[in-house]
Structures are given as structure tokens and as C-alpha cells.
Amino acid sequence: MKQLNQEEAKRISDRVLSFSKADECSVAINGSRSGNIRFARNSVSTAGLNEDRRLTVTVAFGRRQGTASVNEFDDKSLEQAVRRAEATARLAPENPEYVTLPGKQEFKPTGEYFASTAAIDPDFRADVAAHAILAGRRNKLVTAGFFLDTTGFETIANSKGLFGHREFTGLDFTCTARTEDGRGSGWVTRSAVDAKRFDAREASEVAMEKALRSVDAKALEPGRYTVILEPAATSELLGRMFGGFGARQADEGRSFLAKKGGGNRLGEKLFDEQINVWSDPWDKDVPVSPWDSGSMLARQRRDLIKDGKVANLEYSRFWAQKNGVAPTARAGNMIMAGGSKSLEELIAGTKKGVVVTRTWYIRMVDPQSVLLTGLTRDGTFYVENGKIKYPIKNFRFNESPITMLNNVEELGKPVVIGPDEVAYQMVIPPMRIRDFNFTSLSDAV
């Protein structure tokens, strides 16, 4: 796949816009090269490389919209895509929530591209898998995992003069290690935009150490416990809460930020004062696109929670227009402040508690309180007097991240986790929380 530079992308998008006869026209060009390797049972199972480029054109006649996509960029193909979009728009019903396209925006680069990651090749991927496979064999463990690296670009443009171009890289790695008899299991995840900041050996060893320590798990009675949650254990929980900061959801009574009797809870203190969360596309650890692709609006650094108070809500262009306020771009990352202590130091400061490596199979029970249910897995341990005493069987939990963030005792040093199911890149600290609600036991490891 050819990685388009800004000049090439601008030339193509200008050509598409010149073909349009509609009232408004917007163009999105995306391209990526993604390499991967998968291993299971201490052996590589698949490896591949996927390359793709695609251009999507969206037009509007009044409130009628049409969209078409193409992966050939010659003039004939581009014009045919515009004509298909226009034909679709003429047949489409009016969109009552259509808002005219935004004008020219200033998109400050966010530093998402690293040559070290773009240079990843099959040998690099094979080495990543080899670290886990060979160490697994030495330790009589069975390993499985997936490594994915991506290099890509994205361009947006419209008939109002807006234009943006970005190039990006990223990698994600997960590894599970299990004892040969299936009685112990450990897991790890790592993400980075710069391959120089990724250590496959270190990551694999974390999963294996947990697998070896989790053998012969004991049953602990369900109940409310002090828990030390690793960042991977909280990311999926917090991600579901972060996704509920839309102003429209709150104003229409569909989220935890809805106020009884109407309106929203902007400015109210809903969390412990230690809780500070913000989004920042220029964060050095989790840089993201300087714009929101859905709205084509420029992203800004924005507080979500400040000293426990709801600091901002996200306003779509339609909902902002309806309420007479400025629209906001949807956040691409979430960063949570923490302390300076490591996970091990948080454990050392715990009299009695439970360490949770990971949560999974999470389902929403009540959207208005963000009550979630799910299971722990891949390493759950009982702590007494600052030391891990023994592994314990997994639990099902019923808990809300809102309650969790009101029961924080201490926060550790934040680490990169992402992306979650809501597609946020995250920086989250390990945290010690009181009264976490474990409702039943699970025999699965």
C-alpha cells in the first residue's frame, strides 16, 4: 500500500470535490498496512499482512445525503463515486438532524507516527512470538497470543475549505500463559505508538509469572472486598462510563448524567476528589487524531472530571445547534491522573484485599447507574499484610465504575492501556478500592 503524503492526499481530495454538483461534499481517505502474528499452544498458527486504501465521498442536497466508497483513485473511478453518492442523495429521505458542514479548521499535528513502528517486518513479529513460545516451553506453560502493528494515514476534506491529513503508527500485544494442567492462567496486554517502547520479553514474562502463581486457587466467600485493580481490570469498566458523557444522552434522560426532572449534572461532584480525567490528543503516550472523524471538528485538550466534578459534556453539532452552544469533538483518548506508587507498592500497603489482573465478559445491567456485571480471570490473588498469600478462584462482580471512583483509597502510577471496546486509547493508574462487590464464585481460571 502506498502511504499518501499530505500533498498527494490534497490533490486527490480536491479532484473529488471538483466533480461534485451537490450543495455540500465531504471526502475521507483512509489507508493502512497492518501486520500480525498469532500463536497458540506454543506454536505460531497464523501470520499475515493486510493493506487497504479507501475513499468515501458524502454529498448533500439540502437535507438529503448520499455516500459512496471506492478503492481506485483514477479520475474515472473518483467521478463515478461522486455520481453514485449524488444519485443516492436524490433518492434519500430528508435527515431532520442534518447540520451543514463545518468550515476550515486548524489541525495541530499530534505526533502519532514513529518510524520504528512503521519499520516492523515479519522478523520482528516472529521475534515477539518467539519470546513467549520459547519461554513457555522452558517453564512448562502453554502460551497463546496476538501481535498487531499498523501504519496508516487519514485525510478529510470538504467543500467548505476544510482539510486535514495525518499519518500514524501503533502496535498492540496480548499474551495468555497457562499451566499444562490448566489450573493456572496469566495474561498481559501492551500498547504503544513507538516500537522502541515495547518489550516483548518483559510482557511475556508478566503473563507467565501470573500463570505460575495462580495454581491451586482457593475459594474465597463472595462479598465486598478491598481490591487492587490493575489498569487492564478497570479499562473496560471505565470505558463504558466515559462513553456516557454525551450531552444529548444526559439531557434526554438516557445516562447516569441525567438530572431528575430534566437537564444534566454538569458541574456536580459525582466522584472522589482524587479523580481527575481528561482527553488530550497531544499526550506523548497516547497521541490520537487531531480531529473527530465523525464531526470533522478539531480536538482540544478537555477535562472530563476535575477534582471529582463533572467538568464537560460532549455536544454533537446537531445537539449544540439545538441548545445554542459550541459543538465539541468526540474525545479519542482518556487520561486519568494517579500517584507515584507501583502496583507492588499498592499491594504492600494493603492489610487485606484482592488483586484483580483482568475483567472480562462485561455486560451492562443498568445504563442509568452504569451498573456492570462481569468476571475476573487470568490471575486473582488474596493479599494479607501487604503480601500476596495465595491465588483465589475467580469471582463474578456487580459493580458500577461510578461507585468505584467514589470508593478510591489510593491511586498508583498510570500506564498505557488501549484501545477499549469504546475505542479510547487510555492512560489509567492501578487503584485500590474499598467495598468492591463480588457476588458469586467462578470455577473457570
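As a reminder, the structure under discussion sits directly above these lines.
Residues numbered from 1 in each chain as written. Predicted model: local features only at pLDDT ≥ 70, side-chain atom pairs only at ≥ 80, totals over all residues. Heavy atoms only, no water.

## Things to note about the overall build of the protein
Part 1 of the reasoning: A tally of helices and strands in the protein yields 10 helices and 21 strands.
Part 2 of the reasoning: Burial status across the protein gives 53% buried among its 445 residues.
Part 3 of the reasoning: Once local pairs closer than 6 in sequence are excluded, the contacts in the protein between residues at least 24 apart make up 73%.
Part 4 of the reasoning: Approximately 20,000 Å² of the protein is accessible, and the part contributed by carbon and sulfur atoms is 47%.
Part 5 of the reasoning: Mean positive and mean negative side-chain charge positions of the protein (63 and 58 charges, respectively) differ by 2 Å. (Helix = DSSP H or I, 4+ residues; strand = E, 2+ residues; numbered from the N terminus. Buried < 20%, exposed > 50% of the residue type's maximum accessible area, 1.4 Å probe, protein only. Contact = heavy atoms within 4.5 Å. Areas by Shrake-Rupley, 256 points an atom, 1.4 Å probe, with all protein chains shown as cover. Lys, Arg positive; Asp, Glu negative; His and termini not counted. Charge placed at Lys NZ, Arg CZ, Asp CG, Glu CD.)

## Looking at the packing of helix α1 (residues 6–19) against helix α2 (residues 75–91)
Part 1 of the reasoning: The interhelical angle for the contact between α1 and α2, taken along N-to-C directions, is 50 degrees, at an axis separation of 9 Å. Compared by their axis directions, α1 and α2 come out oblique. Crossing of α1 against α2: the hand is right-handed. Taking contact as the criterion, the partners of I12, R15, V16 and F19 in α1 are, on α2, D75, L78, E79, V82, R83 and E86.
Part 2 of the reasoning: Each residue belonging to the contact of α1 with α2 can be placed in one class, and the counts come to 5 nonpolar, no polar and 5 charged. (Axes fitted to C-alpha atoms, helices over the stretch in contact; angles between N-to-C directions. Parallel < 35°, antiparallel > 145°, perpendicular 65-115°, else oblique. Left-handed = near helix turned anticlockwise from the far one by under 90°. Nonpolar A, V, L, I, M, F, W, Y, C, P; charged D, E, K, R; others polar.)

## Looking at the packing of aromatic side chains
Part 1 of the reasoning: Within this structure, the stated rule accounts for 14 aromatic pairs.
Part 2 of the reasoning: Ring geometry for F124 versus F147: centroids 6.0 Å apart, planes at 35 degrees, classification tilted. You can see F124 sitting in helix α4 (residues 122–138) and its partner F147 sitting in strand β4 (residues 141–158), a full 23 residues away along the chain.
Part 3 of the reasoning: The exposure class assigned to F124 is partly exposed, which follows from its relative accessible area of 27%.
Part 4 of the reasoning: Judged by its relative accessible area of 0%, F147 falls in the buried class.
Part 5 of the reasoning: Both rings, one in Y225 and one in F395, keep their centres 6.2 Å apart while their planes meet at 35 degrees; by these two values the pair is tilted. With a gap of 170 residues between them, Y225 in strand β7 (residues 223–229) and F395 in strand β17 (residues 394–399) connect regions that are remote in the sequence. In this pair, the class of Y225 matches that of F395, namely buried.
Part 6 of the reasoning: Aromatic rings pair up to connect Y225, F395, F397, F436 and F438 into one cluster.
Part 7 of the reasoning: It is R363 that lies over the ring of Y361; its NZ or CZ is 4.5 Å from the centre. (Phe/Tyr/Trp six-rings, centres within 6.5 Å; stacked < 30°, edge-to-face > 60°. Lys NZ or Arg CZ within 6 Å of the ring centre and 35° of its normal.)

## What to know about the environment of G267
Part 1 of the reasoning: Here G267 is to be found in the loop between α7 (247–251) and β8 (277–279).
Part 2 of the reasoning: Along the primary structure G267 and N312 are separated by 45 residues, whereas in three dimensions their C-alpha atoms are 7.8 Å apart.

## Here's the deal with α2
Part 1 of the reasoning: Between its terminal C-alpha atoms α2 stretches 25 Å, which fits the 24 Å expected from 17 residues at 1.5 Å a residue.
Part 2 of the reasoning: Along its buried surface, α2 packs onto α1, β2 (43–61) and β3 (64–70). (Expected span 1.5 Å × (residues − 1).)

## A closer look at the sheet that holds β4
Part 1 of the reasoning: Ordered by their spatial adjacency, 6 strands build an open sheet running β3-β2-β1-β4-β5-β6, and the pairing between neighbours is antiparallel. Of all the strands in the sheet, just β3 and β6 (185–192) have a single pairing partner and so form its edges. Direction aside, the axes of adjacent strands within the sheet are offset by 15 degrees on average.
Part 2 of the reasoning: Relative to β6, strand β5 (residues 163–179) runs antiparallel, the two being bridged by 8 bridges. Considered in β6, the bridge of C175 is made with V188.
Part 3 of the reasoning: In the packing of α1 onto the sheet, contacts are made with β1 (24–40), β2, β4 and β5, and the angle to β1 comes to roughly 135 degrees.
Part 4 of the reasoning: Strands in contact with helix α5 (residues 200–213) are β4, β5 and β6; relative to β6, the strand with the most contacts, it is inclined by about 160 degrees. (Pairing = 2+ DSSP bridges.)

## As for α4
Part 1 of the reasoning: Taking 1.5 Å per residue, 17 residues should reach 24 Å; α4 reaches 24 Å between its end C-alpha atoms and fits that length.
Part 2 of the reasoning: Taken together, the buried positions of α4 are occupied by R125, V128, A129, A132, I133, A135 and G136.
Part 3 of the reasoning: Of the surrounding secondary structure, the elements contacted by the buried residues of α4 are β1, β2, β4, β5 and α5.
Part 4 of the reasoning: The first or second residue beyond α4 is K140, which carries a positive phi of 55 degrees.

No statement about biological role is implied by the geometric values presented.
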